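Coordinates in review
If you want the building blocks of each chain, they are given just below.
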Protein chains: 2
Amino acid sequence: MSNDQQKDLAERISEPVVPPEVAREIGLLEQQFVRAEVEQMRRSIVELRPLYEKRAKIVAHPEVQSNFWVRVLSNASGDVDQYITPADAAILGSALKNLTVERFEVNEKGEGEPRSIRLTFEFHTGEANPFFENEKLVKELYWRKQVFTTASGKKRTWDGLVSEPVRINWKKDMDVTKGLLDATCDLFEAEKKGGSRRELPEFKKLQEKLAEVEALERDEDDENDDEDPLGHPSGESFFNFFGYRGSDVTAEQSAAATKEEQEKFEKLLKGESVEDDEADEDEDVDDDFEEIEAFPAGSELAVALAEDLWPNALKYYAQSFEEHPDDFDMDDDEDEDEDDEDEEEEDSRPRKKAKV
Amino acid sequence: MSNDQQKDLAERISEPVVPPEVAREIGLLEQQFVRAEVEQMRRSIVELRPLYEKRAKIVAHPEVQSNFWVRVLSNASGDVDQYITPADAAILGSALKNLTVERFEVNEKGEGEPRSIRLTFEFHTGEANPFFENEKLVKELYWRKQVFTTASGKKRTWDGLVSEPVRINWKKDMDVTKGLLDATCDLFEAEKKGGSRRELPEFKKLQEKLAEVEALERDEDDENDDEDPLGHPSGESFFNFFGYRGSDVTAEQSAAATKEEQEKFEKLLKGESVEDDEADEDEDVDDDFEEIEAFPAGSELAVALAEDLWPNALKYYAQSFEEHPDDFDMDDDEDEDEDDEDEEEEDSRPRKKAKV
């Protein structure tokens, strides 16, 4: 299940093709699908936990652990792979020790929000990690909901993953984000001390940093020099993922919005009418985060790591012995054609094995 | 869950990197994951059936039904879209009336094989369908398992989707498969009357037809003339999917193989040793179907239709009002770059809506 696909569905279906009452039926049904899926997700999380614990024990075998996650990452699907530059791959390939994904808001009884994700990256330390000091980087993403009012006074709902930025203590000259992650963390910390975001000096600094990185990327695209793994100075890096924020809905706001939506859902189920919250399609929502997000695809990457890389890790590990027998040799993120070919290769495999 | 990813995993992990006992533990664990997923799939199928029935009723609204599945298909992900040529899109766009996906081997109690798939395509008839006579095309794909012995005497297991070819009664000069689907059906029917497949005249005829279509495709790739929707004469068509066979494992063979695997699994669980069935990696399996399959990716397409298009149909329908407001306007299957762009566009949407 991805983050963003299940909202405002009824609103998106236009008259005159579909009458509004049918669009509303479709919207209600989609909500029922989402609720059923979320419920299945809760159960699945509790049921699979013992197997993931068993897997963690097997991965801890010294022969396996030394390169398990590096092999898995090097065989990840394009949904993950596209965000990893050659410079990132060099860091992960030599310094990553372990990765754990947890649906940390679901308790033992299967209660709680199953879409929240905690990613724990463990790294080598000291000389074995020439890149940064952190032994662990823990990125927690909370599934939150928010009801807000547009400029024209209509109510809309947003839900998705939100997170606090996580700082990396880079060693000298090793920051592949070129200061972008630091600038993201600086703004967040200044915000916590109070004051309006847009008036803080850190807001302007982050915007400048973003513009800088964007300009570097453009220059690089022109030169097209994606051969040199450590010569990727643009600051466009997987490690900016640790800066992803998404939005700043609090737990309280989210609980209130969930309650409001639940009441509306129950009314709709009974066939009662609810306040019509169709927003003007062209109405643009004012969004600070569009201007300051160093890793706009953070939610998609977190979901890809949690729903593809994590459950399929054994498969990707096994594949690493077939397709990439050598060391960490990840495709460059810009080589999308190459990725497509890889996928096709994989797709055709069943045919080859398809018979006696 | 896809068809082919969970088999022979332990075999694929090579010494000396991983000791054989650890590889066996990994193989056993992977089997436990697959069993847990299959069990969850069974439950999910039973639970979601009422919602799919409700959806079918909503889709039956005249305003929706007239183009629901056409809109859904035109917004399908690349996993489906890549198999639909412009000529196929023209046919589906004007003649497709309804589509139903059923997990037909799972009964009301949630018993049975959840990976088997029945696809029912309903079409307009008479003058409203200038392409073929069939009112319905029903493609049933059975999940089957087979244990077989390789040339070197080692046992291997295969599992996946198998199916019988379905003939289409094309109207004059309308066969976009250029006789390939007919040749596939002819061979299958000749086989049912008895005789060894390779010695039947229909075997040779099908091989010739396949070579013909392949030559046409090469010519077309050279010319690169994918502009004209009805000028796609290669015979490479979505409609060859109805000819997909996969393998010819019978229900009886599959039941026996499942029983054998179950016994082996229980032994492994108890820590008992089992006959080592590691096959030589380079050993090629003799496979008739590689030579005669008109639609080698049939299993992948069936899974994409059942696991992506079907559950996400409401979402794709809603999208069709945003991205493709006009008629059926499917991307050409060869324009993979364009597809990638579409996906990126979609990925960035949550960001735009991400805040008040």
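Residues numbered from 1 in each chain as written. Chains lettered and ligands numbered in written order. Predicted model: local features only at pLDDT ≥ 70, side-chain atom pairs only at ≥ 80, totals over all residues. Heavy atoms only, no water.

Under an unreviewed UniProt entry, the name given to chain A is NapB, and the source organism is Emericella nidulans. Looking at the Sequence similarities (unreviewed entry) heading of the UniProt record, one finds this comment for chain A: "Belongs to the nucleosome assembly protein (NAP) family." (UniProt positions renumbered as here; feature names shortened; annotations may be inferred.)

Considering the sheet that holds strand β1 (residues 96–102) of chain B
Within a sheet, each strand pairs with its neighbour through backbone hydrogen bonds, oriented either parallel or antiparallel. Residues and elements named next belong to chain B. Strand order in this open sheet of four strands is β1-β2-β3-β4, and the pairing throughout is antiparallel. One side of each edge strand has no neighbouring strand; the edge strands of this open sheet are β1 and β4 (155–163). Across this sheet, the average inter-strand angle for adjacent strands is 15°, counted without regard to direction. Those strands touched by helix α6 (residues 86–95) are β1 and β2 (117–123), and its axis lies near 95° from that of β1. Relative to the sheet, helix α11 (residues 298–309) contacts β1, β2, β3 (136–149) and β4, its axis offset from that of β2 by approximately 80°. (Pairing = 2+ DSSP bridges. Helix = DSSP H or I, 4+ residues; strand = E, 2+ residues; numbered from the N terminus. Axes fitted to C-alpha atoms, helices over the stretch in contact; angles between N-to-C directions. Contact = heavy atoms within 4.5 Å.)

Digging into the sheet that holds strand β2 (residues 117–123) of chain A
Residues and elements named next belong to chain A. Reading across the sheet, the four strands line up as β1-β2-β3-β4 and stay open at both edges, with antiparallel pairing between neighbours. Edge strands, defined here as strands with exactly one partner in the open sheet, are β1 (96–102) and β4 (155–163). Averaged over all pairs of adjacent strands, the angle between strand axes in this sheet comes to 15°, irrespective of strand direction. This element, helix α6 (residues 86–95), spans β1 and β2 of the sheet and lies at about 95° to β1. With respect to the sheet, helix α11 (residues 298–309) is in contact with β1, β2, β3 (136–149) and β4, its orientation differing from that of β2 by roughly 80°.

Let's talk about the pattern of salt bridges
One pass over the structure, following the stated rule, counts 40 salt bridges over all chains. In this structure, Glu140(A) and Arg118(A) form a salt bridge, with 2.7 Å as the shortest nitrogen-oxygen distance. Separated by 22 residues along the polypeptide, Glu140(A) in strand β3 and Arg118(A) in strand β2 bring together distant segments of the chain. Since its relative accessible area comes to 24%, Glu140(A) is described here as partly exposed. Between Glu39(B) and Arg42(B) there is a salt bridge; the shortest N-O distance is 3.0 Å. Pair noted here: Glu39(B) and Arg42(B) are both in helix α2 (residues 20–59), with a separation of three residues, about one helical turn. (Salt bridge = Lys/Arg side-chain N within 4 Å of Asp/Glu carboxyl O. Buried < 20%, exposed > 50% of the residue type's maximum accessible area, 1.4 Å probe, protein only.)

Here we look at the packing of aromatic side chains
This structure, assessed with the given rule, holds 40 aromatic pairs over all chains. Between Tyr83(A) and Phe295(A) the ring centres are 5.6 Å apart and the planes differ by 55°, which places this aromatic pair in the tilted class. Note that Tyr83(A) is positioned in the loop between α5 (78–81) and α6 and Phe295(A) in the loop between α10 (288–292) and α11, a separation of 212 residues in sequence. With respect to burial, Tyr83(A) and Phe295(A) carry one shared label: buried. Both rings, one in Trp170(A) and one in Phe239(A), keep their centres 5.7 Å apart while their planes meet at 80°; by these two values the pair is edge-to-face. In this pair, Trp170(A) is assigned in the loop between β4 and α7 (180–192) and Phe239(A) in the loop between α8 (201–223) and α9 (251–269), connecting sequence segments 69 residues apart. In this structure, Trp170(A) and Phe239(A) share a single accessibility class: buried. A network of ring pairs unites the aromatic residues Tyr83(A), Phe121(A), Phe123(A), Phe132(A), Trp170(A), Phe238(A), Phe239(A), Phe241(A), Phe242(A) and Phe295(A) as a single cluster. Sitting over the face of the ring of Trp310(A), Arg55(A) holds its NZ or CZ atom 4.3 Å from the ring centroid. Of note, Arg35(B) hangs over the ring of Phe265(B), and the distance from its end group to the ring centre comes to 3.7 Å. (Phe/Tyr/Trp six-rings, centres within 6.5 Å; stacked < 30°, edge-to-face > 60°. Lys NZ or Arg CZ within 6 Å of the ring centre and 35° of its normal.)

What about α6(B)?
All names here are of chain B. With seven of ten residues buried, α6 lies mostly within the body of the structure. Among the residues of α6, those classed as buried are Pro 86, Ala 87, Asp 88, Ala 89, Ile 91, Leu 92 and Ala 95. Buried-residue contacts for α6 involve α4 (68–74), β1 and β2.

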